[in-house]
Amino acid sequence: MEWLVFAPLAAVALATAVSVIVLRNPIYCALSLVGTFFALSGLYLLLQAEFIAVVQVIIYAGAIMVLFLFVIMLLDVGHEPPAWLRRDRPKLVLGMVLISLLLLELAVAIGSRVSQGIQGPYTSELVNAIGNTQLVGRLLFTDFLIPFEITSIILLVAIVGAMVLAKR
Amino acid sequence: MVAKIVVVFGLMLLSVAYLTWLERKVIGDIQVRLGPMRVGPHGLLQPIADAIKLMFKEDIVPQAADRWIYLLAPTLALTPALISFAVIPFGDRIRLFGRTIDLVITDVNIGLLYVFAVASLGIYGIVLGGWASNNKYALLGGLRSAAQMISYELSLGLSVVGVVMLSQSLSLVQIVNAQSMAWFIVLQPIGFLIFLICAIAETNRAPFDLPEAETELVAGFHVEYSSMKFAMYFMAEYANMITVAAMATTLFLGGWRGPFLPPVVWFLVKLFLLIFLFIWIRATLPRFRYDQLMRFGWKVLLPVALANVMITAAFVAMR
């Protein structure tokens with residue numbers, strides 16, 4: 001039963017992710033990425049993480065990608081063919097090497113017991129009993145407080161940096 | 001479930017049509033003229049005449065337009081406007097033909113966030129429509145709306161955090177239930193005011209209608225759209241108005257709660273008063289300048305909304 005939902009979502013996620021790098025028009029690439037985010041949000045829903053699913057749509061699809069589009073439209077990025085069509089040999093070789101490394105790493109990871117996963121303390125019954133929004137909030141402000149605060153400081157630094165660069 | 005969807009969807013489309021009539025009538029009255037009078041008594045059949053006219057108009061696609069996105073954009077604007085109503089409760093549980101029916105299409109535990117997620121997608125219709133038209137006025141209108149809607153979405157989101165803290169839930173049904181003692185407008189007056197201002201900005205209505213400022217941008221993002229595709233943008237604006245008013249009712253005005261009258265009537269009365277207020281504001285206030293809009297959003301609304309969240313949090317923590 002789960003497969004009936006998972007398979008189409010995974011297919012859409014992969015297809016749109018591939019079209020992000022294959023399509024020529026940057027606007028189409030950005031829109032494909034929005035499609036990927038939607039498919040991912042569907043996968044989160046399948047995992048009963050409603051809060052994460054909706055936040056994925058609000059932040060990535062609703063805000064960040066709109067800003068991406070904004071920049072692409074303002075800069076009027078040309079319809080440049082991607083590297084694999086331009087037969088740019090050094091870049092092509094570099095890309096091949098990196099992708100092979102990534103695939104190798106993935107194969108090793110799947111081969112070892114990492115992919116089997118470790119049963120955590122939060123079963124889906126427990127999550128449903130507490131409510132997944134409440135749980136995310138509680139964990140974020142207790143167990144993961146320091147990573148959370150560090151992330152926000154990094155983002156703040158990025159914002160200040162962007163302001164400094166823009167004022168120059 | 002299906003019956004509820006059909007009824008709500010049908011009523012929504014009908015209200016959108018008659019909202020155009022209401023807006024023209026009210027603004028006509030405020031400007032001491034009659035408004036539509038010719039088609040039917042007091043122009044009551046005007047929306048139907050308009051709909052027929054729009055369907056039969058020539059459908060033009062500019063030659064230099066990006067055809068696919070140009071055709072897709074109006075749908076992207078209209079769909080979010082119509083589907084966000086799915087989680088808004090418009091009445092209490094009723095008994096009909098021996099069955100209990102909840103007067104809400106579906107009660108999800110993240111209903112409030114669902115509305116925000118769907119609303120944030122409405123921007124795509126406008127931005128892409130403006131870009132795909134390949135027209136500088138349309139592009140400027142689209143870019144303005146992207147900047148405006150993202151800026152005001154922040155304050156909009158912060159303005160309802162107080163409500164969430166007081167009701168301890170993101171489900172709109174729970175939020176209405178939490179207002180059985182007092183409406184949240186009493187406890188969150190500043191939150192309500194910020195919500196209302198941002199809501200008008202999010203629906204691109206005057207005084208925040210910069211994306212379509214006709215005196216400088218001809219008509220803004222939809223300048224190249226004609227026929228039914230133009231009508232879809234128009235419908236999206238009015239459907240958004242209804243959704244936003246319904247959200248304000250649910251979050252701050254106690255939803256369907258009220259004495260004597262049946263719950264659905266209370267909901268509709270509050271909805272109508274808010275929509276009337278939107279029309280009234282449009283007829284009264286001149287449009288903001290772009291820099292004023294941005295300064296107001298970032299330097300006034302956002303800090304006030306943040307302060308409101310902190311004060312509410314302090315009160316909730318002390319309780």
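1. What to know about the overall build of chain A
If you tally the helices and strands in chain A, you get 8 helices and 0 strands. Starting at the N terminus and ending at the C terminus, chain A contains elements arranged as α-α-α-α-α-α-α-α. Taking the intrachain contacts of chain A between residues at least 6 apart in sequence as the baseline, contacts between residues at least 24 apart amount to 51%.

2. Section: the overall build of chain B
Looking only at helices and strands, one finds 13 helices and 2 strands in chain B. For 319 residues, the compact-globule estimate of 2.2 N^0.38 gives 20 Å, and the C-alpha radius of gyration of chain B, at 20 Å, lies within 12% of that figure. Overall size of chain B, expressed as C-alpha extent along the three principal axes, is 60 × 50 × 45 Å. Put simply, chain B has 319 residues, and 47% of those count as buried.

3. Details of the interface of chain A and chain B
Taken together, the 16 residues of chain A in the interface contact 16 residues of chain B. A per-element tally of the side of chain A that touches chain B places helix H3 (residues 50–75) of chain A first, with 13 residues.

4. Section: the environment of Ala17 of chain A
All names here are of chain A. Tracing the sequence through the fold places Ala17 in helix H1 (residues 2–22). Accessibility expressed as a C-beta count within 10 Å gives 16 for Ala17, which makes it partly exposed. Each C-alpha atom of the pair Ala17 and Cys29 lies 8.9 Å from the other, and the pair is 12 residues apart in sequence.

5. Re unusual backbone geometry
A positive phi is found at Gln168 of chain B, a non-glycine position, where the angle reads about 60 degrees. Structurally, Gln168 of chain B is set in the loop between helix H6 (161–167) and helix H7 (172–177).

6. Thoughts on the packing of helix H2 (residues 26–46) of chain A against H3 of chain A
Residues and elements named next belong to chain A. Orientation of H2 relative to H3, taken along the N-to-C sense of each, is 175 degrees, at an axis distance of 8 Å. Between H2 and H3, the interaxial angle falls into the category roughly antiparallel. Facing Pro26, Ile27, Ala30, Leu33, Val34, Phe37, Phe38, Leu40, Ser41, Tyr44 and Leu45 of H2, the residues of H3 in contact are Glu50, Ile52, Ala53, Gln56, Val57, Tyr60, Ala61, Met65, Phe68, Leu69 and Ile72. Across the contact of H2 with H3, the residue classes tally to 19 nonpolar, 2 polar and 1 charged.

7. Regarding the confidence of the model for chain A
Summarising the model, chain A shows a mean pLDDT of 83, and 89% of its residues fall at 70 or more. For chain A, helix H4 (residues 83–86) of chain A is the element with the lowest average pLDDT, namely 60, and helix H8 (residues 145–167) of chain A is the one with the highest, namely 92.

8. Re the nonpolar core
Membership of the largest hydrophobic core comes to 113 residues, with the highest contact counts inside it found for Phe195 and Ala248 of chain B. The contact partners of Phe195 of chain B, leaving out residues within four places of it in the chain, are Leu156, Ser159, Val160, Ala248, Leu251 and Phe252 of chain B.

9. Concerning H2 of chain A
The terminal C-alpha atoms of H2 of chain A, which comprises 21 residues, lie 30 Å apart, in line with the 30 Å expected from a rise of 1.5 Å per residue. Those residues of H2 of chain A that sit buried are Pro26, Ile27, Leu31, Leu33, Val34, Thr36, Phe37, Phe38, Leu40 and Ser41 of chain A. Of the surrounding secondary structure, the elements contacted by the buried residues of H2 of chain A are H1 and H3 of chain A together with helix H4 (111–132) of chain B.

10. What about the environment of Ala138 of chain B?
Residue position: Ala138 of chain B is located in helix H5 (residues 136–159). Those residues in contact with Ala138 of chain B that lie beyond four places of it in its chain are Gly130, Ser133, Gly220, Phe221, Val223 and Glu224 of chain B.

11. A few points about the confidence of the model for chain B
Residues with a pLDDT of 70 or more make up 98% of chain B, whose mean pLDDT is 84. ipTM for the predicted complex: 0.78, alongside a pTM of 0.83.

12. Remarks on the packing of helix H1 (residues 2–30) of chain B against helix H11 (residues 227–252) of chain B
All names here are of chain B. At a closest axis distance of 9 Å, the pairing of H1 and H11 adopts a crossing angle of 105 degrees. Here H1 lies roughly perpendicular to H11, going by the angle between them. Contacts between H1 and H11 involve Met12, Ser15, Val16, Leu19 and Thr20 from the first element and Met235, Tyr238, Ala239, Met241 and Ile242 from the second. Class assignment of the residues belonging to the contact of H1 with H11 gives a composition of 8 nonpolar, 2 polar and no charged.

Rules used in this analysis
- In this convention, every chain numbers its residues from 1, walking through the sequence in written order.
- The lettering of chains begins at A and the numbering of ligands begins at 1, in the order of writing.
- Totals for whole chains, interfaces and linings use every residue, but because this is a predicted model, local features are given only for residues with pLDDT of at least 70 and side-chain atom pairs only at 80 or more, for both listing and counting.
- Helical segments are the DSSP runs of H or I of at least four residues, strand segments are the runs of E of at least two, and each set is numbered from the N terminus.
- Throughout, a pair of residues is in contact if the C-beta atoms placed from their backbones lie within 7 Å.
- Radius of gyration means the value over C-alpha atoms here, while the globule rule gives 2.2 Å times the residue count to the 0.38 power.
- The burial label depends on the number of other C-beta atoms within 10 Å of a residue's C-beta. Counts of 20 or more mean buried, 12 or fewer mean exposed, and intermediate counts mean partly exposed, with C-beta atoms placed from the backbone.
- Fitted lines through C-alpha atoms give the axes, limited to the stretch in contact for helices. The angle between two N-to-C directions lies from 0 to 180 degrees.
- Oblique is the label for every angle not falling under 35 degrees (roughly parallel), over 145 degrees (roughly antiparallel), or within 65 to 115 degrees (roughly perpendicular).
- Gly is placed with the polar residues, together with every amino acid not listed as nonpolar (Ala, Val, Leu, Ile, Met, Phe, Trp, Tyr, Cys and Pro) or charged (Asp, Glu, Lys and Arg).
- Here pLDDT means the predictor's own confidence in every residue, given as a number from 0 to 100.
- One nonpolar core equals one set of buried Ala, Val, Leu, Ile, Met, Phe, Trp, Tyr and Cys residues connected by C-beta atoms within 7 Å.
- To estimate the expected span of a helix, count its residues, drop one, and scale the result by 1.5 Å.

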